[in-house]
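Fold and geometry: a report
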Amino acid sequence: MSSSFVFEGVASIMVDDGAAANLGAVLSERYAKTRTMLVTDKGITSLGLADAAISSLNKSGFETIVFDDVAADPAETIILTATKLAINENVGLIVGFGGGSSMDVAKLVAILAKGEQALADMYGVGKVRSSRLPLVLIPTTAGTGSEVTPISVVTTGKHTKMGVSDRALFADMALIDATLTAGLPRHVTAATGIDAMVHAIEAFTSRIKKNLISDTLAKRALVMLGSNIVQACEKPDDMDARRAMLTGAMLAGQAFANAPVGAVHALAYPLGGRFHIPHGHSNSLVLPHVLRFNASSAAPMYAELAETVGLAGSTDTQLTDAFIKWLEDLTEATGIERRLRDMTITQDDLPMLATDAMDQSRLLINNPVDVDETDALKIYQESW
Ligand SMILES: NC(=O)c1ccc[n+]([C@@H]2O[C@H](COP(=O)([O-])OP(=O)(O)OC[C@H]3O[C@@H](n4cnc5c(N)ncnc54)[C@H](O)[C@@H]3O)[C@@H](O)[C@H]2O)c1
Ligand SMILES: [Fe+2]
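Residues numbered from 1 in each chain as written. Chains lettered and ligands numbered in written order. Predicted model: local features only at pLDDT ≥ 70, side-chain atom pairs only at ≥ 80, totals over all residues.

1. Looking at the packing of helix 11 (residues 279–308) against helix 12 (residues 316–334)
The N-to-C vectors of helix 11 and helix 12 enclose an angle of 135°; their axes lie 7 Å apart at closest approach. With respect to each other, helix 11 and helix 12 are oriented oblique. Note that helix 11 runs across helix 12; the crossing there is right-handed. Looking at side-chain class alone, the contact of helix 11 with helix 12 contains 15 nonpolar, four polar and four charged residues. (Axes fitted to C-alpha atoms, helices over the stretch in contact; angles between N-to-C directions. Helix = DSSP H or I, 4+ residues; strand = E, 2+ residues; numbered from the N terminus. Parallel < 35°, antiparallel > 145°, perpendicular 65-115°, else oblique. Left-handed = near helix turned anticlockwise from the far one by under 90°. Nonpolar A, V, L, I, M, F, W, Y, C, P; charged D, E, K, R; others polar.)

Right, here's the structure in full:
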């Protein structure tokens, strides 16, 4: 770990149960009244989850239009359609309201609505040169941490995703309101919660940018997420558990925004791309197997995390084994499928996945151990 580092993030983070219903008042303290676009998906609008926020905005003079055509793993066309609407409606403020998909779309719309740079020129790291509209993000899943990351993940082809990663994508404000997550279905709670745990683990073992602040956030996040994920699944309206999950996911998001994720995510993306397995679930399917592979060099770090979450052992190897078992037990307790073979994936599909994983060099360079195509295939075989 380097003693010199830069840590960046969202300037204003509000954690307040019920605050989304007073969004108009919250934003009145920060922004001049302007036309506002709320970016979300039909799952959210059909549940009426954003209704109170929208009427609060309108009441406070932020005349609000709603774009609710975001789909999971959003494609470029969705972003471009939303941008056209934002420009035609002359909006001055973007609110992303939903899971990672809605927030990721909102981030790019806030930039593209300025009309200064094409999306195609933004993929990669540090490529954004455009200014952007004011941007407020409100998560309704406790997982991606997108509300505090400078990343937007876009589906660019039939089986491929690309990322825009640039500090211009750090929102102006993140609003963490756990009441919005009370109705999350069990499988979404489980999958997104494990995604957040993976963010903490991979930030802590990140090869290049791991630092004192990201380590501190990752450890605290892992304790909060690990001790509440099963309760949030079993008792969906336990607000203490929901708040711990949402806040923990936000802390893990800040950690990996500065110390990026590695091979778990790199091997998860092809599962999403080829088999449309939700992001968090695809992470959980490969998680224990990547950790076993990484243990050759990362065992001391896994041992530290094991002790942080209260596990015992007298050697790094014992603690690493206990840590991996703890993760497997938690995943099992949430009830989501744990093997690739449970997901209509055949053994014949595995080489194609291993080839696809090699396209994720942006992530693989952060992994504590080098992963080549043969290693990736072995990990997929063990996950099968
Ligand atoms: N920007 C980042 O830093 C980052 C990090 C990780 C993943 N991602 C991306 O985020 C996306 C995944 O996001 P996600 O896992 O949050 O899922 P999501 O946004 O795709 O939402 C999944 C489903 O959950 C529903 N939903 C959301 N909140 C709900 C609630 N409170 N109650 C009931 N239903 C609700 C949605 O309607 C949707 O159908 C992927 O595209 C992934 O690549 C981004
Ligand atoms: Fe993730």
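2. What to know about the site of ligand 1
Taken together, 31 residues lie near ligand 1, and Gly43, Gly99, Gly100, Ser101 and Thr149 sit nearest. Listed by contribution, the elements that provide at least two residues to the shell around ligand 1 are helix 2 (42–47), helix 5 (100–112), strand 7 (151–155), helix 6 (186–204) and helix 11. Here the element with the most residues in the shell around ligand 1 is helix 5; it accounts for four residues. A breakdown of the residues in the shell around ligand 1 according to their chemical character gives nine nonpolar, 19 polar and three charged. Looking at which domains feed residues into the shell around ligand 1, each of domain 1 (12–181) and domain 2 (186–383) gives three or more. (Near = placed C-beta within 6 Å. Domains from an automatic or database assignment.)

3. A short note on the environment of glycine 273
The residue glycine 273 is located in helix 10 (residues 263–275) in this model. Considered as a pair, glycine 273 and threonine 160 are 113 residues apart in the sequence and their alpha carbons are 5.7 Å apart. Glycine 273 has contacts with His159, Thr160, Lys161 and Asp356, leaving out every residue within four places of it along the chain. (Contact = placed C-beta atoms within 7 Å.)

4. Some remarks on the sheet that holds strand 5 (residues 124–125)
Spatially, three strands are ordered 5-8-7 in an open sheet, and the strand pairing comes out mixed. Either end of the sheet is taken by a strand with one partner, and the two such strands are strand 5 and strand 7. As defined by bridge partners, strand 7 adjoins strand 8 (residues 161–165) across five bridges and the pair is classed as antiparallel. Following the sheet pairing, serine 152 is matched in strand 8 by valine 164. (Pairing = 2+ DSSP bridges.)

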